[in-house]
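So you can see what is in the structure, the chains are spelled out below.
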Amino acid sequence: MRPQRPRTARRFGTRTVTALLATALSVAAPFPASAADLPAERPSALVDPLIGSANGGNTYPGATLPYGMIAWSPTSTTGDQTSTGAANGYRYDTTRIRGLSLTHVNGAGCNPGAAGDVPIMPFVGDVTSSPSADTKDAVYAADFSHADERATPGRYTLGLKTGAKADLAVSERAGVADFTFPSDRAANLLFRVSNSLNGSADSHVDIDAAHRKVTGWVLTGAFCGRRANGGVNNRKSYYKLHFSASFDRAFSSVGTWKDGALSPGSKTASGGEGYATGADRAGRGSGGWVGFDTSSDNDVRMRLGISYVSLDGAEANLREEIAPHARVADVAAAGARAWDRELSTVRVEGGGDARRRTFYTALYHSLMQPNLISDTDGRYWGMDQAVHRLARGQRAQYSNFSGWDQYRAQIQLLALLKPAVAGDFAQSLYNFAQQNGGVWDRWVHISGATHVMTGDPSAATLATFYAMGVRNFDYKGAFDSLVRQATVPHPDGLSDAGCPGQCVGQRPNLAQYLGSHYAAQDVCHCWGGAAETLEDAVADSALAKWAKLLGRDPEAEVFTERGTYWHNVFNPDTGYIQARKSDGSWVTPFSPASDLGFAQGTSATYTWMVPQDVQGLAEAMGGREVAAARLDGFFHKPDGSWSVRGGDPLRYDPTNEPGIHAPWLYNALGQPWKTQATVRQIVDTVYGTGPAGLPGNDDLGTMSAWYVFSALGLYPQTPGSGSLLLGAPVFPTAVLDRPGHRDITINAADADASHVYVDAVRLNGRPHQKSWVDAGLLRTGGSLTFRLAAQPNTQWATDPAGLPK
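Please read these numbers as outputs of a predicted model, since none were measured by experiment.

Definitions and limits used
Residues numbered from 1 in each chain as written. Predicted model: local features only at pLDDT ≥ 70, side-chain atom pairs only at ≥ 80, totals over all residues. Heavy atoms only, no water. Pairing = 2+ DSSP bridges. Helix = DSSP H or I, 4+ residues; strand = E, 2+ residues; numbered from the N terminus. Contact = heavy atoms within 4.5 Å. Axes fitted to C-alpha atoms, helices over the stretch in contact; angles between N-to-C directions. Expected span 1.5 Å × (residues − 1). Buried < 20%, exposed > 50% of the residue type's maximum accessible area, 1.4 Å probe, protein only. Disulfide = S-S within 2.5 Å. Polar contact = N/O pair within 3.5 Å; in protein donor to acceptor, adjacent residues only side chain to side chain. Phe/Tyr/Trp six-rings, centres within 6.5 Å; stacked < 30°, edge-to-face > 60°. Parallel < 35°, antiparallel > 145°, perpendicular 65-115°, else oblique. Left-handed = near helix turned anticlockwise from the far one by under 90°. Nonpolar A, V, L, I, M, F, W, Y, C, P; charged D, E, K, R; others polar. Salt bridge = Lys/Arg side-chain N within 4 Å of Asp/Glu carboxyl O.

J.: Honestly, the sheet that holds strand β36 (residues 772-773) in this entry has me stumped. Any pointers?
T.: Strand pairing in a sheet relies on backbone hydrogen bonds. The paired strands run either parallel or antiparallel. Strand order in the open sheet formed by three strands is β30-β31-β36, and the pairing between neighbours is antiparallel. Every interior strand has two partners, whereas the edge strands, β30 (714-716) and β36, have only one. Across two bridges, the pairing between strand β31 (residues 724-726) and β36 is antiparallel. For Leu725, the partnering residue across the bridge sits in β36 and is Trp772. Running over the sheet, helix α17 (residues 702-712) touches β30 and β31 and is turned about 135 degrees from β30.

J.: Is there a simple way to explain helix α7 (residues 419-435) in this structure?
T.: Working note: α-helix, 3.6 residues per turn, so residues spaced by three or four point in the same direction. The end-to-end C-alpha distance of α7, which contains 17 residues, comes to 24 Å, matching closely the 24 Å that a straight helix rising 1.5 Å per residue would cover. With 15 of 17 residues buried, α7 lies mostly within the body of the structure. Gly437, located one to two residues past α7, shows a positive phi value of around 70 degrees.

J.: Help me understand the state of the cysteines in this model?
T.: Two cysteines form a disulfide when their sulfur atoms are joined by a covalent bond. Evaluation of the coordinates by the stated rule reveals two disulfides. The disulfide partner of Cys499 is Cys503, and the gap between their sulfur atoms is 2.0 Å. Across the disulfide from Cys499 to Cys503, rotation about the S-S bond amounts to roughly 140 degrees, and the bridge is consequently right-handed. The pair formed by Cys499 and Cys503 is uniform in burial state, with each residue classed as buried.

J.: It is not clear to me how the sheet that holds strand β27 (residues 448-449) should be interpreted in this structure. Could you clarify?
T.: With antiparallel pairing, three strands are arranged side by side in an open sheet as β25-β26-β27. Looking at strand neighbours, the two that pair on one side only are β25 (401-402) and β27, the edges of this open sheet. Here β25 pairs with strand β26 (residues 443-445) via two bridges, running antiparallel. Of the residues in β26, the one forming a bridge with Ser402 is Trp443.

J.: Hey, could you run me through the side chain of Thr84 in this one?
T.: Secondary-structure assignment places Thr84 in the loop between β4 (71-76) and β5 (96-101). For Thr84, a relative accessible area of 1% gives the class buried. A polar side-chain atom of Thr84 sits 2.3 Å from the main-chain carbonyl oxygen of Ala86.

J.: Any chance you could explain the packing of aromatic side chains here in plain terms?
T.: The description of two aromatic rings rests on the distance between their centres and on the angle between their planes. A full pass over the atoms with the stated rule returns 32 aromatic pairs. The interplanar angle of 75 degrees and the centroid separation of 6.0 Å between the aromatic rings of Phe473 and Tyr475 together place this pair among those described as edge-to-face. For the pair formed by Phe473 and Tyr475, the shared burial category is buried. Considering the side-chain rings of Trp566 and Phe570, the 6.3 Å spacing of their centres and the 85 degrees angle between planes classify their relative orientation as edge-to-face. For the pair Trp566 and Phe570, one class covers both residues: buried.

J.: So what exactly am I meant to see when it comes to the pairing of strand β20 (residues 346-349) here?
T.: The side chains of a regular strand alternate between both faces of the sheet. Side-chain alternation along β20 places Val346 and Val348 on a buried face and Arg347 and Glu349 on a face that remains uncovered. Looking at chain direction, β20 and strand β32 (residues 733-736) are connected through four bridges and run antiparallel. Pairing of Val346 across the sheet is with Leu736, part of β32.

J.: Is there a simple way to think about the packing of helix α8 (residues 457-467) against helix α9 (residues 475-487) in this case?
T.: Angle between the axes and distance between the axes are the two parameters that describe a pair of packed helices. Running from amino to carboxyl end, α8 crosses α9 at an angle of 150 degrees, the nearest separation of the two axes being 11 Å. Regarding the angle of α8 to α9, the classification is roughly antiparallel. Crossing angle aside, the handedness with which α8 passes α9 is left-handed. Here Ser458, Ala459, Leu462 and Tyr466 of α8 lie close against α9, whose contacting residues are Tyr475, Ala478 and Leu482. The residue makeup of the contact of α8 with α9, split by class, is six nonpolar, one polar and no charged.

J.: Mind showing me how you'd approach the packing of helix α6 (residues 410-417) against α7 here?
T.: Contact geometry for α6 and α7: axes closest at 5 Å, N-to-C directions at 125 degrees. Viewed along their axes, α6 and α7 adopt a mutual orientation that is oblique. Taking contact as the criterion, the partners of Leu414, Ala415, Leu416 and Leu417 in α6 are, on α7, Pro419, Val421, Ala422 and Phe425. Here the contact of α6 with α7 is composed, by residue class, of eight nonpolar, no polar and no charged.

J.: Honestly, the pattern of salt bridges in this entry has me stumped. Any pointers?
T.: Two side chains that carry opposite charge are able to pair once their charged atoms sit near each other. Going through the model one piece at a time under the given rule, you end up with 28 salt bridges. For the salt bridge of Lys213 with Glu315, the shortest nitrogen-to-oxygen distance reads 2.5 Å. Of the two residues, Lys213 sits in strand β13 (residues 213-220) while Glu315 sits in helix α2 (residues 311-321), which places them 102 residues apart along the sequence. Notably, a salt bridge pairs Asp330 with Arg327, separated by 2.9 Å at the nearest N-O pair. Through salt bridges with shared partners, a single network forms among Asp456, Arg507, Asp536, Asp540 and Arg562.

Remember that the coordinates give geometry; whether it matters functionally is a separate question.
Below you can see the structure in the form of structure tokens.
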């Protein structure tokens, strides 16, 4: 069923990461590309990691590899040690940093997000006071200009106004840095081990001057600033990150600090910020520094490895992945090669430079996660706070699963392009559930359950993986486990701990839900009863489809019925999804612009969140014509102008996951030309180049994956299915290179700014009169050929018998 476990962790092609780096490090020039492997234009050269670093995109520009453990990027400051002024540590218009941190999460939607562990700060000047006592970041931080910043896949360079400069490049679990300093001033590196984005419970640093090493760890975790509604429960999400840094030259001075006390000459220190929150963290914590004599040589090279298992693991990761005398340029060349191989799974032609840059950056952001947490020897820290080894046949343990976001687009793109990674990810989530008493958490960070958001996205995710052909995981065991979670009440389901936003119950008050067939707002122990009902109906529908594929007919019948429970929160009198109480009455007062009963969205948005039963939703609204007219009003203002940039609670919000599938609903309503026009309007006006090129939180690649699919003229129909909806491609040619499968080729010779509409489609050379294709395309590959037009074809794909369900 699954391949035997290889000797090392995840591979690129037929060679391990270690082999890639060893090959790259044996030459001085950048690692060459093979014409057989790569397109004429190297896709990594088209990526701009700064896209999404403004406008609330919450991306980070630092050095990382596909699915990498290390992500070396700045932690910014606006003059408050307890806040970065940005989610995930970086915001384009904040040009002052207090360190270069080793871990990050792409696009998480809150300040301060998560991770940002062990900021390392190149400091020009003498260390004369405790950096932890610098609560306003007035001394031990530095300004910079974007003119002195350069970000490329796998490499990040930053010059500071102090005259110091950092040049960083990474492998999957390790990195190399060149720090340069002014030759006429004191040069120091600060290891701010306690200053993770969410603070730290504890931390430790050791300085070994004899061996020119700095080692240590931080105990940290939680999400969104250890939010008050999570309280003590958030401690379950804590993890320990170990690091080991070695240098190419001796230290001229050393020292440590704890809280307000500075200890020059000291070589060890411990202490975090406890479980303090907000301003109470200020002035607390520990770290160490090492100084260098730069009067005759102002360059300092550092090699560093990290591990979530142990110090030995960090040092082994460094040894395995980066050669002893590796230069930044060498490691960067290997990293660019790794990104080229990953990004070349989709080869597009035409579309213009800006369009290709937007596309490949979106693909880059989509393939940054999941993230490795296993070491090169296969060990990883589990959700039960113990060390584990990879399951048989598993090549890597992955984490960072923002399920509520990702199950709508990002996991489908992963399954489509990287099925082997998707399978390892599925196994990873199943491993965590087994270590967590059978509970599948909806938002997993490193080895911790954060409980963020609502619903049961794990069911939707793994069912989708299976439907799209992913098989390299224990799918029978995972299915049984997810069915058990969906049918057997758990004590946590009656707890309000963490609510709203981080409710511990993954199927909250399941007994009530199974009895009433909806989550009652007054007793649901969830973020919002209406949202919970819709999310669970989607998850259950996905489980039904999975059960059918497995030949599990009894489960398929049960979960198919449960997939229709959305009907029970559709109020026929208002025509909207609405929360209900346990006695059956509707929660009032009601407004479609209200978020009462919902999670980060309004009724106007959530009413469309029935991708598994669009025909049923249309019937409830009064028929497809009525539903399409209402959908018109969701994307347009009363005067007919577009409203697709967000900000109106009654209309489409491109940053709001529950509604991101809505532009594609016209296909099922028999008016696919409106999907084509709406998607193109969003693609052209909401996404683009530059720091503000994302509509909002990238949410671990979700919004970027939406763009990738939309630009290709494809979109996932519904969770648990391998069917894809069809739109109008923006590129004349796109080839999806799928490992182990025949390529999928998309041709649209007329694709340009004016040809927005589909006039005709051929599937494998034969006329195709439907606005969707089934999973057969994923199994066998093939070609889709579009004839595009400047005016809508209102006859193509409109036969009611051929509409998506």
